[in-house]
Structure formats: structure tokens, C-alpha cells
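What follows is each chain in one-letter form.
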Number of protein chains: 2
Amino acid sequence: MKWETLARELVQPTDSKIILLVMDGLGGLPVNGRTELEAAHKPNLDETARRGVCGLTDPVFMGITPGSGPAHLSLFGYDPLRYQLGRGILESLGTGVEVGREDVVARGNFATLRDGLVVDRRAGRISTEENGRLCQDINRQLPELNGIKVSLYPGKEHRFVLKLSGPGLSDALSDADPQKEGKPAIPARALAPEAEFTAGLVNLFLEQLKTVLAGEPKANYALLRGFSKFPSHLPSMPELYQIKPAAIASYPMYRGLTRLLGMEVLEVGPDTGDIFSVLERNYDRYNFFYLHYKKTDSAGEDGRYEDKVKAIEEIDAYLPRLWQLRPEVLVVTSDHSTPSVLKSHSWHPNPFVLVSDRAPADEVNRFTEKDCARGSLGRFPALQAMPLMLACALKLKKFGA
Amino acid sequence: MKWETLARELVQPTDSKIILLVMDGLGGLPVNGRTELEAAHKPNLDETARRGVCGLTDPVFMGITPGSGPAHLSLFGYDPLRYQLGRGILESLGTGVEVGREDVVARGNFATLRDGLVVDRRAGRISTEENGRLCQDINRQLPELNGIKVSLYPGKEHRFVLKLSGPGLSDALSDADPQKEGKPAIPARALAPEAEFTAGLVNLFLEQLKTVLAGEPKANYALLRGFSKFPSHLPSMPELYQIKPAAIASYPMYRGLTRLLGMEVLEVGPDTGDIFSVLERNYDRYNFFYLHYKKTDSAGEDGRYEDKVKAIEEIDAYLPRLWQLRPEVLVVTSDHSTPSVLKSHSWHPNPFVLVSDRAPADEVNRFTEKDCARGSLGRFPALQAMPLMLACALKLKKFGA
């Protein structure tokens, strides 16, 4: 029996509040002997570790480096190996594109094609305004193909979402993207027999796009990746856990994912303090809060070790505002690690601390990778974080007699 | 591959002896800074921790609070998510009711019905003698319904077991119990089409019961819960592990469960010392001994912190008698936690210590929740306790070439 089946049987609604602060890409590797967490001056995160029970989580299992989607799913109690979300779906929901159950969506890049070769995968990062104009043009000139409605939604700079709406579509398609510059454009391929129709449609669209964009100096072609449909049978968090969840996140990806999971996605500005202000203003209206902090991951991805240290120190100052709310359960952790030295996500486990009256503090008093390894939660699958949070908020009944 | 499949392949009979002492509901939460285990003076349990290898077990997984049934199954190496035992089955076996493969059993309460409302779910806790008389009456007046044999077996006070025997019965029934007093009596509902016949039968029985009990001042009705059949495909411990197991437990629930698993259930009195005396008297006749100690759980359930501390201190005095037997494997642990402050089972992990010549002691020298968290077994699923015990008793062969 899966956790979800068990959840449906055991959850009970209570007023208890849960705050889950995700410091994206938090875990790191040492530079001059110290990880970013070890180097940062962060008295409040350390105090949180002192008050709580600590451990390390594996988002999927040891050795697996997750994308943001799977890593977050796991934290929210959804098996990431069971629910695989297409990047197109996440991007669509993040940019506010409504996706119907039959639709197929993909991430698009405007690109520059010369002599059949993709010479710039981002079309010189054209302006967002130019992008808007191009999408409008294309939507007017190619509103429909083979009875399927075709819609482009502009994103930032060269990015857009392609949505195909109509019956008989499949998302079992390979990317129409050579991934590297200087290589020939490639068509989408059907990965299953039922996707032949959609593959043909996508490739016809790409051919016609060349004509529409023939006069453009830079954006004369497009690359399509992450064809995907809305996952069927994905239960929402309110349904599964009988909670009223709010997401406080500014990046499209996380907003899209949480909307998909049935959270209410609150408006938030780009400042770190904003996520805390939005939390405080809405604290009475929900009983589960997901706060997303991106700077740790961005700095890690760019290899900016010092900036990642600063990003940790910056958020540290806000922690007392979380304590003051006195939630029944406060968790500070990460979705995955992003060591600056690797400049990418990694498979290293996430520091995890849970503070609750029903979780007696262990002997950990610093919030670092090494200290959390000695916590009494031990090393555990991130998928067990949600049951643990619900339990400490008394939202789970006894299993069996 | 499941552990059970592996067990069948790897087990080998040896003379080595295993003693598993379960201190029910042992783990707790701090009161004035100390859990019950931390407050207790228990030199022998601490010495056991010093001699052994320690850890913390999760009966199901993090956050899940198990009932006694699932928690024990896990300790005995049976996946509690796979084998879900109905409360009726456990109660039946515990009270010595033989359950055939086709039978359906349920827990019954005599209750008081007034104007269609259940005004007392325990019929004023009628005496055990009165209960016996009522069951005899009912068995005489309602021996059979629609070709199905109906039998009541009296338990303590207001409790009884209902057994239905005959072909075509199903246990997919909801409880015929409003759960709260002041609510109307409710019928059993079929939860699957094949249970319609049984639901009709149960509800007919309840109707006729009103007539039989019409003259009773208090026990004029009954509530039925936990309809269940013998779980099919549940292998016995002797079959699965090639051991000769004995259960030394005085409470019906644990006697029932272990009988179901093929253990021999030995007679034991209510004194703590009795379980040790029975063990010593029967030590040559079996090679796996399960000892159940209930007082820690009972005190926890009632919120009697000091009594739980005393219960720990009481059993501590007997530990040297276990050492003197020099079993190849001695394990002291619990099935689940029952913190006095919660007055109920909880999801917190169980302290676990295993003493064996083949398990080199770690650095833990106190038997508490926090100390066990630092043990070299770490935090692990209780389902792995049985393989570990069998291995240390050299009862498991190598897996693969």
C-alpha cells in the first residue's frame, strides 16, 4: 500500500499550522574546508536546529540528482518516481497557462537557424516585447493545424509555451531540439505509436513556422522541449491531506507545480522579506504554508560560493519571524543540494530540521550538512517528510487496531 | 523481492535461541525535560544498551502511528501494509475463539438503546457473569440465520465476539456502531457487492437481537465493529523462518496475534515476574521467545507518567535473568511509542537494542530515545528487525553466489 492510500485513510482535519520553508539548493560541498552552510554566520538557523529534530533527506534515493519538480513532489509527499511531470506542464502552469486534460504543452525557445543549423538556441535573447509580438503573429497566422488549436504564450526573452488543444493528442514525443548549437534542427519523434499524429502535427507546425518567421533577423525558428500532458490521477493536497495549503513563491516553476497540487498560489515580490510578509498577512487563512527561497540555488547554479553564503545569511535574519507565528510544525529544509563547486543540482542529501512541541529536540545545535547527519531523524527519504509533518500537527489518525 | 520471499530461500534451522522482549508503548516525550526512559532508574536496561548495538525503529514509516497489530506484525517481519488484520480476528484469537477460513468475526459491545439512540455504548459495563448469561441466551434463541451459524463468545464486562460460520460470507462491511453516544444505531453496510448477503444477515441479527434482549434494563442492544476474516496467504513463523516460537503474553490481543502467526502461546499470570518464570521453565522447548510487557503502554495510554517510569524500573530488575539464559540473540525494544503526555500511541520511533556475540557493541551506554538515536543501527524500519535477529542467530544463509 502506498503512502497516498494510507493518507486517505488516516488524515483528519485540524487547525494546526505547518510552515515548510524550502531554501532551494541549500546543501553544498566544501570550498577551503567549509560548505556554504558551514561558512555562513546564521545564528537563527542554528537556533532552529537546536530547538528541533534534525536529519538528512534523500529526494529520490542515494545518488539520484533530482530536478526541481521531482524534488518538490517528494517533499510534498508524492512519489516522484510515480508522478513524472513534464517540464512543459510546469512551465505552463508557472506562466499562468491553463492546461486542459487533453492538451499537450511544451517549452519553446525562439532560435536562430542558418543553413539548417541552429546557430543560436536563444535567438540572441530577443526582448520580451519582441517575443510578445512574434507569438501574436504566429497565433494569427497559424491558429489551427489538422483540426488542432495551436497557441503560443510568450514568456521572458526568447521563451514561450506551446499549447496544442484537441482530441487524440499524446505527449510521448522526443524534444525537437538538438540541445547544442551548431547542430542541425531536429524534428520531434513519436516515442509510442499513439503519438504519431502529434509528432506529425508538431513537425508540420515547425515547417510552417519557418515561413511565418522568414523575415526575422534572429528569431526565425523555434525549439520545442518537454512535451507533456496534465498527469492523470494526481490527487490534490487539499483532497489528499485535508489541509488548506498556500504557496508563497515567486518563480514560475514553483508556482506552477504548487498550483497543480491544489495549493493557493499567493502573490509575492522578489525580495526575500516579501515571502515572510505574505506569510504573516495570510497566516489566518491557511493551515499549510510552503515558502520558497530561490537565491541559494541560483548562486549555487552559477558557482557563486560567496553569494550562496550571503543568501543563507540574508534569510537567517528572517527566521525569528517564523518562530513568532508559533506554528505547530516548522520545517526548514531544501528540495535538493546545489553545491557551488558543481554549478548544478546534485545528489547530496538535504539538511532538515523540524520544530514542534511533539518532536523533542535532539543534540544537534548547528544547521549544517554534517550536524544534521547526527540528528535523531537520521537519513531518510524526503517522501517521509510530509507524513512526519502531518503527524506532528496531529493530522494523522492511528493505522490499524 | 519481498523479505518473505527471501526468507523462504535463506532460512536454515539452527539451535540458536532468540529472545525478543517487547516493552509495549515504551518510547515517550519529555515531561520537565525528561522522557519516561530518561527519568527511570534502570541500570540493567542501560547495561543491556552498553553490551549491545542500538538504534531506533519506525514500525511503518515516519509519521505513522500504528495500532498494536500492525506494530507487532512489523517486528515479526510481516509487512503491516500488506497484511491488514481486522480487529475482530485479533479479538477472537485472543479470547480463544477458533476462526475457520470461511468465518467472519466481529468485536461486539452490549449497549443501551433508548428511542433508537445509543445512550450507553457499554451498557453500563455489565458484569462478566451477566455477559455470559446473555450470550448463552442469544446463542440458544438465535442459533442460525439464513443458513449461517451465529455464535457469541463472551469477553470481559460488555465485550463479546460474534462469529458467523457458513459459505458465502464476506468481511467487507462497515461497522454497525455510531462510535458516539447519543446517536442513532446504524446498520452494517456492504462495502463491496459480494458483501450484500452478509450485511443483510448482520442487520437481521441485530433486529432479532432487540426482541431477545427486550426485557434487559441495560444490555438491550449490541454494537459490532471490525468485521474480519482470517487473512489468506499469511504464512506462519515456523513455516517462514524454520523456528519454534513461543509467545509469553497475557493480554488477549497479543495472544491472538501470535497464535495467528503460528507461535505457541504459553500460559502466563499477570505479574511481571511471571513472563520471566514462564520463559525459564520453557527455555529448552523453543528457540524463539516473544515476551510481552504491557504496563508501559497502559500507563502511557492513561497519561500516568510516573507509573510508566515505575513500570520501566519494575521490569529493569528482571533483565539479569535474561542475560543468565545466555541466548544467542537478545532484543529489547517496543512495538510503538505511547508518550504519557499524548495519552495514546504515537508515531515516534522505538528504542532498540540487540545483544549478540555477533553484534559488536556500539558506544551507546544508556537505553533512552536520544541515546539509541546515536546507535550504530541508526534509524531503521522495524520490518528489518527480524532479518537482523535471524542473522545474528546464524539462521540466514548467504543470498546469491
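Residues numbered from 1 in each chain as written. Chains lettered and ligands numbered in written order. Predicted model: local features only at pLDDT ≥ 70, side-chain atom pairs only at ≥ 80, totals over all residues.

## Notes on the overall build of chain A
For clarity, the threshold we go by: The helix and strand labels rest on DSSP assignments: H or I over at least four residues marks a helix, E over at least two residues marks a strand, and numbering proceeds from the N terminus. Throughout, radius of gyration means the C-alpha value; the globule benchmark is 2.2 Å times the number of residues raised to the power 0.38. Each residue is classified by how many other C-beta atoms fall within 10 Å of its C-beta atom, where C-beta atoms are placed from the backbone; a count of 20 or more means buried, 12 or fewer means exposed, and values in between mean partly exposed. Here, residue contact means that the backbone-derived C-beta atoms of the two residues sit within 7 Å.
What chain A contains, in helices and strands, is 15 helices and 15 strands. Here the C-alpha atoms of chain A give a radius of gyration of 22 Å, agreeing with the 21 Å that 2.2 N^0.38 yields for 401 residues. For chain A, the C-alpha atoms occupy an extent of roughly 65 × 55 × 40 Å along the three principal directions. Within chain A, the proportion of its 401 residues that are buried is 53%. Long-range contacts, defined as pairs at least 24 residues apart, comprise 71% of the intrachain contacts of chain A with a sequence gap of at least 6.

## Some remarks on the domain arrangement of chain A
Residues and elements named next belong to chain A. The cut-off we apply is this: Reported domain spans reflect what an automatic or database domain assignment gives. Note on residue classes: Ala, Val, Leu, Ile, Met, Phe, Trp, Tyr, Cys and Pro are nonpolar, Asp, Glu, Lys and Arg are charged, and everything else, Gly too, is polar.
Domains assigned within chain A are domain 1 (3-85 + 234-392) and domain 2 (90-228). Here the C-alpha centre of domain 2 lies 34 Å away from the C-alpha centre of domain 1. Taken together, the contacts link nine residues of domain 1 with six residues of domain 2. Sorting elements by how many residues they give to the side of domain 1 that touches domain 2 places helix 9 (residues 252-260) first, with seven residues. Of the residues assigned to the side of domain 1 that touches domain 2, the class counts are five nonpolar, two polar and two charged.

## Describing the packing of helix 11 (residues 295-302) of chain A against helix 12 (residues 305-316) of chain A
Residues and elements named next belong to chain A. Filter applied, for reference: A fitted line through C-alpha atoms serves as each axis, taken over the contacting stretch for helices, and the angle formed by two N-to-C directions is quoted from 0 to 180°. Roughly parallel means an angle under 35 degrees; roughly antiparallel means over 145; roughly perpendicular covers 65 to 115; every other angle is labelled oblique.
Their axes nearest at 8 Å, the elements helix 11 and helix 12 cross at an angle of 175 degrees. Of the possible angle classes, the one that applies to helix 11 and helix 12 is roughly antiparallel. Each of K295, T296, A299 and G300 in helix 11 lies in contact with helix 12, whose residues at this interface are D307, K308, A311 and I312.

## Some points on the interface of chain A and chain B
If you look at the interface, chain A gives 20 residues, while chain B gives 24 residues. Elements supplying a minimum of two residues to the side of chain A that touches chain B: strand 15 (378-381) and helix 15 (385-392) of chain A. Among the elements that take part in the side of chain A that touches chain B, helix 15 of chain A stands out by supplying four residues, more than any other.

## Things to note about the relation of the copies chain A and chain B
To keep it simple, the criterion reads: Superposition of the copies used a least-squares fit over C-alpha atoms from residues whose pLDDT is at least 70 in both.
Each copy superposes on the other: chain A lies on chain B with an RMSD of 0.2 Å after a rotation of 125 degrees and an axial shift of 0.3 Å. Here the transformation between the copies is reduced to the relation of a three-fold axis. Measuring from the rotation axis to each C-alpha of chain A, the shortest distance belongs to G378 of chain A, at 3.8 Å. Little of the interface of chain A is mirrored in chain B, where only 5% of its interface residues are also at the interface.

## A look at helix 9 of chain A
Because an α-helix completes one turn every 3.6 residues, residues spaced three or four positions apart along the sequence face the same direction. Residues and elements named next belong to chain A. The element helix 9 is extensively covered by neighbouring structure, given that seven of its nine residues are classed as buried. The complete set of buried residues in helix 9 reads M253, Y254, R255, G256, L257, T258 and L260. Looking at the buried positions of helix 9, the neighbouring elements they touch are helix 4 (68-75), helix 5 (87-94), strand 10 (245-248), strand 11 (264-266) and strand 12 (288-293). Backbone geometry just after helix 9 places G262 at a positive phi near 85 degrees.

## Focus: the sheet that holds strand 15 of chain A
Backbone hydrogen bonds are what pair the strands of a sheet, in a parallel or an antiparallel way. All names here are of chain A. We count it as follows: A pair of strands is considered paired only if DSSP assigns at least 2 bridges between the two.
Spatially, the eight strands line up as an open sheet ordered 11-10-12-1-13-14-2-15, and their pairing is mixed. Looking along the sheet, the strands with just one partner apiece sit at the ends: strand 11 and strand 15. Within this sheet the neighbouring strands show an average axis-to-axis angle of 25 degrees, counted without direction. In this sheet, strand 12 lies alongside strand 10 in parallel orientation, the contact comprising four bridges. Bridge pairing links P245 to F288 in strand 12.

## Some remarks on the packing of helix 5 (residues 87-94) of chain B against helix 9 (residues 252-260) of chain B
Residue and element names in this part refer to chain B. The geometry of helix 5 relative to helix 9 is characterised by a closest axis approach of 7 Å and an angle of 95 degrees between their N-to-C directions. In terms of orientation, helix 5 lies roughly perpendicular with respect to helix 9. In this structure, helix 5 contributes I89, L90, E91, S92, L93 and G94 to the contact, and helix 9 contributes P252, M253, R255, G256, L257, R259 and L260. Partitioned by chemical class, the residues of the contact of helix 5 with helix 9 number seven nonpolar, three polar and three charged.

## Focus on helix 6 (residues 128-141) of chain A
What counts is decided by this rule: Expected span of a helix, by definition, is 1.5 Å for each gap between consecutive residues, and there is one gap fewer than residues.
Taking 1.5 Å per residue, 14 residues should reach 20 Å; helix 6 of chain A reaches 20 Å between its end C-alpha atoms and fits that length. Of the surrounding secondary structure, the elements contacted by the buried residues of helix 6 of chain A are strand 3 (104-114), strand 6 (148-154), strand 7 (159-165) and helix 7 (196-212) of chain A.

## A word on the nonpolar core
If you look at soluble globular proteins, the nonpolar side chains tend to sit buried side by side. What counts here: For our purposes the nonpolar core covers buried Ala, Val, Leu, Ile, Met, Phe, Trp, Tyr and Cys residues that link as a set through C-beta atoms within 7 Å.
Residues I248, L291 and M389 of chain A are the most contacted members of the largest nonpolar core, which totals 130 residues. When residues in this core are grouped by element, the largest group, seven residues, is from helix 15 of chain A. Residues contacting M389 of chain A, with those up to four places away along its chain left out, are I18, L20, V329 and V331 of chain A. By size, the runner-up hydrophobic cluster in this structure holds 122 residues, among which are V99, A176, L240 and M253 of chain B.

## Here's the deal with the pairing of strand 9 (residues 221-228) of chain A
Residues and elements named next belong to chain A. Within strand 9, eight of the eight residues are buried, which leaves it mostly tucked inside the rest of the structure. As paired strands, strand 3 and strand 9 are joined by six bridges and run antiparallel to one another. Along strand 9, the bridge assignment pairs V105 with S228.

## Focus on the environment of V53 of chain A
Residue and element names in this part refer to chain A. Within the secondary structure layout, V53 lies in strand 2 (residues 53-58). For the pair V53 and L377, spaced 324 residues apart in sequence, the C-alpha separation works out to 6.7 Å. Setting aside chain neighbours within four positions, we find V53 in contact with L354, A359, A361, D362, G375, S376 and L377.

## Looking at the sheet that holds strand 2 (residues 53-58) of chain B
All names here are of chain B. Taken together, eight strands build an open sheet; the order of strands is 11-10-12-1-13-14-2-15 and the sheet is mixed. The strands lining the two open edges of the sheet, one partner per strand, are strand 11 (264-266) and strand 15 (378-381). Along the sheet, successive strands turn relative to each other by an average axial angle of 25 degrees, direction set aside. Pairing between strand 2 and strand 14 (residues 350-355): five bridges, direction antiparallel.

## Some words on unusual backbone geometry
Even without being glycine, K343 of chain A reaches a positive phi, approximately 55 degrees. Positionally, K343 of chain A belongs in the loop between strand 13 (329-333) and strand 14 (350-355). Overall, K343 of chain A belongs to the partly exposed group, with 13 C-beta atoms counted inside 10 Å. Look at N146 of chain B: it is not a glycine, yet its phi comes out positive at around 50 degrees. Looking at the element boundaries, N146 of chain B is found in the loop between strand 5 (144-145) and strand 6 (148-154). Judged by the 13 C-beta atoms lying within 10 Å of it, N146 of chain B is partly exposed.

## Re the pairing of strand 14 of chain A
All names here are of chain A. Judged by how many residues are buried, strand 14 sits mostly within the fold: six of six residues are covered. The pairing of strand 13 with strand 14 spans three bridges and is antiparallel. Along strand 14, the bridge assignment pairs V331 with L354.

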